[in-house]
Amino acid sequence: MWQSFLKSCDSWLKPSQGCLLCHDSIERLHLCADCLPLLQQLIMSEQVCPWCAHLSVGGAICGECQQNMPYFDRLWASYHLAFPLHQIITEYKFHKQWSYAPILAAWMQENPPKWLSDLALDGVIAMPLSRGRLFERGYNQSEWLFQFLSTSSLISSQHSKVKIRRLYRPPQSSLPLQQRYENVDGVFSIQNDVNERHLLLIDDVVTTCATLNELARKLKGAGAASVSCWVLAKA
Ligand SMILES: [Zn+2]
Ligand SMILES: [Zn+2]
């Protein structure tokens, strides 16, 4: 269904010709030869904590994660959240630039999780939005990333979808870091059987990992065997 929908939207989903940042002629990934290095310098190296993607020498588990083990099993962020990616994501998420979805999915595919091919996944979950937020925004930005990723060989669109309800709460980005954990407490309810399932969560941006961790907590509580997370960018 999604594949035919995306095809029918082809014309308005196509971003304008030319580099996304300066409209010069495209070299790769919708960027010109001058702007491409700006994205490449944000590529996340493997020198990060495998649980939270904080910088960590040799890719060791960081002190914070050793003290407060997250509920998810691994997390990979394709990029650091900084200029120009930050601005592009803001446009995509808050200013209805839907046409960036296939580009951002392609950028994720440039630096996928190294563990992805070793996972025997049973299901993929795009971070859900509450009904209220979906109504405000008009679309779920993570769901669109997932749909475009699933046209690649990395994620199959055949993976079963897990239905999750999310309650309406103030946006995480509007709150101080401390309050973000309370804000997502109990917001998710899982509608399908996830018992003994190996699941992949897709999200656009991760800051404190509070939302991913709360969803992973619910999934693990419902019996999920593993929860792995792949996000576009880590703040
Ligand atoms: Zn450019
Ligand atoms: Zn960590």
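- An unreviewed UniProt entry lists the chain under the name ComF family protein, from Vitreoscilla stercoraria.
- Quoted verbatim from the Sequence similarities (unreviewed entry) field of UniProt, the annotation for the chain is "Belongs to the ComF/GntX family."

## Notes on the coordination of the zinc ion (ligand 1)
So, point 1. Donor atoms from the polypeptide that coordinate the zinc ion (ligand 1) comprise C19 (SG), C22 (SG), C32 (SG) and C35 (SG), at 2.3 Å from the metal.
So, point 2. Considering all 4 donor atoms around the zinc ion (ligand 1), angles at the metal cover 102 to 116 degrees and the coordination shape is tetrahedral.
So, point 3. Written as a sequence motif, the donor arrangement for the zinc ion (ligand 1) is C-x2-C-x9-C-x2-C. Within this pair, whereas C22 is found in the loop between α2 (10-13) and α3 (36-40), its partner C32 is found in the loop between α2 and α3, the two being separated by 10 residues in sequence.

## Overview of the pairing of strand β7 (residues 226-234)
So, point 1. Here β7 lies mainly inside the structure; 9 of its 9 residues are buried.
So, point 2. Across 6 bridges, the pairing between strand β1 (residues 74-80) and β7 is parallel. Bridging from a neighbouring strand, A77 pairs with V231 of β7.
So, point 3. Relative to β7, strand β6 (residues 198-206) runs parallel, the two sharing 8 bridges. By the bridge assignment, L200 is partnered in β7 with S228.
So, point 4. Traced from β6 through helix α10 (residues 210-221) to β7, the parallel crossover comes out right-handed.

## Some thoughts on the coordination of the zinc ion (ligand 2)
Put simply, the ideal angle at a metal is 109.5 degrees for four donors in tetrahedral geometry and 90 or 180 degrees for six donors in octahedral geometry.
So, point 1. Here the zinc ion (ligand 2) is held by the protein donor atoms C49 (SG), C52 (SG), C62 (SG) and C65 (SG), which lie 2.2 to 2.3 Å from it.
So, point 2. Considering all 4 donor atoms around the zinc ion (ligand 2), angles at the metal cover 106 to 115 degrees and the coordination shape is tetrahedral.
So, point 3. Written as a sequence motif, the donor arrangement for the zinc ion (ligand 2) is C-x2-C-x9-C-x2-C. A residue pair is termed long-range when its members are at least 10 positions apart, and C49 in the loop between α3 and α4 (63-67) and C65 in helix α4 qualify at 16 residues.
So, point 4. For C49, a relative accessible area of 0% translates into the label buried.

## With respect to the packing of helix α5 (residues 85-94) against helix α6 (residues 101-110)
So, point 1. Running from amino to carboxyl end, α5 crosses α6 at an angle of 140 degrees, the nearest separation of the two axes being 11 Å. The angle between the axes of α5 and α6 places the two elements in the oblique class. Here α5 and α6 pass one another in a crossing that is left-handed. The segment α5 lies against α6, with L85, I88 and Y92 engaging A101, L104 and W107.
So, point 2. Residue composition of the contact of α5 with α6, grouped by class: 6 nonpolar, no polar and no charged.

## Here we look at the pattern of salt bridges
So, point 1. As enumerated under the stated definition, the model contains 6 salt bridges in all.
So, point 2. Two residues, E110 and R28, come together in a salt bridge whose shortest N-O distance is 2.7 Å. In this pair, E110 sits in helix α6 while R28 sits in the loop between α2 and α3, placing the two residues 82 residues apart along the sequence.
So, point 3. A relative accessible area of 34% places E110 in the partly exposed class.
So, point 4. R133 is the partner of E136 in a salt bridge, and the nearest nitrogen-oxygen pair spans 3.1 Å. One end of the pair, E136, and the other, R133, are both in helix α7 (residues 131-137), 3 residues apart, so they sit about a helical turn from each other.
So, point 5. By relative accessible area, which is 11% here, R133 ends up buried.
So, point 6. A network of salt bridges, in which partner residues are shared, links D185, E214 and R217.

Calculation rules
Residues numbered from 1 in each chain as written. Chains lettered and ligands numbered in written order. Predicted model: local features only at pLDDT ≥ 70, side-chain atom pairs only at ≥ 80, totals over all residues. Heavy atoms only, no water. UniProt positions renumbered as here; feature names shortened; annotations may be inferred. Donors = N, O, S within 2.8 Å, 3.2 Å for Na, K, Ca; no water. Tetrahedral: all angles 85-135°; square planar, octahedral: opposite > 155°, others 65-115°. Helix = DSSP H or I, 4+ residues; strand = E, 2+ residues; numbered from the N terminus. Buried < 20%, exposed > 50% of the residue type's maximum accessible area, 1.4 Å probe, protein only. Pairing = 2+ DSSP bridges. Right-handed = clockwise from strand over helix to strand, strands pointing away. Axes fitted to C-alpha atoms, helices over the stretch in contact; angles between N-to-C directions. Parallel < 35°, antiparallel > 145°, perpendicular 65-115°, else oblique. Left-handed = near helix turned anticlockwise from the far one by under 90°. Contact = heavy atoms within 4.5 Å. Nonpolar A, V, L, I, M, F, W, Y, C, P; charged D, E, K, R; others polar. Salt bridge = Lys/Arg side-chain N within 4 Å of Asp/Glu carboxyl O.

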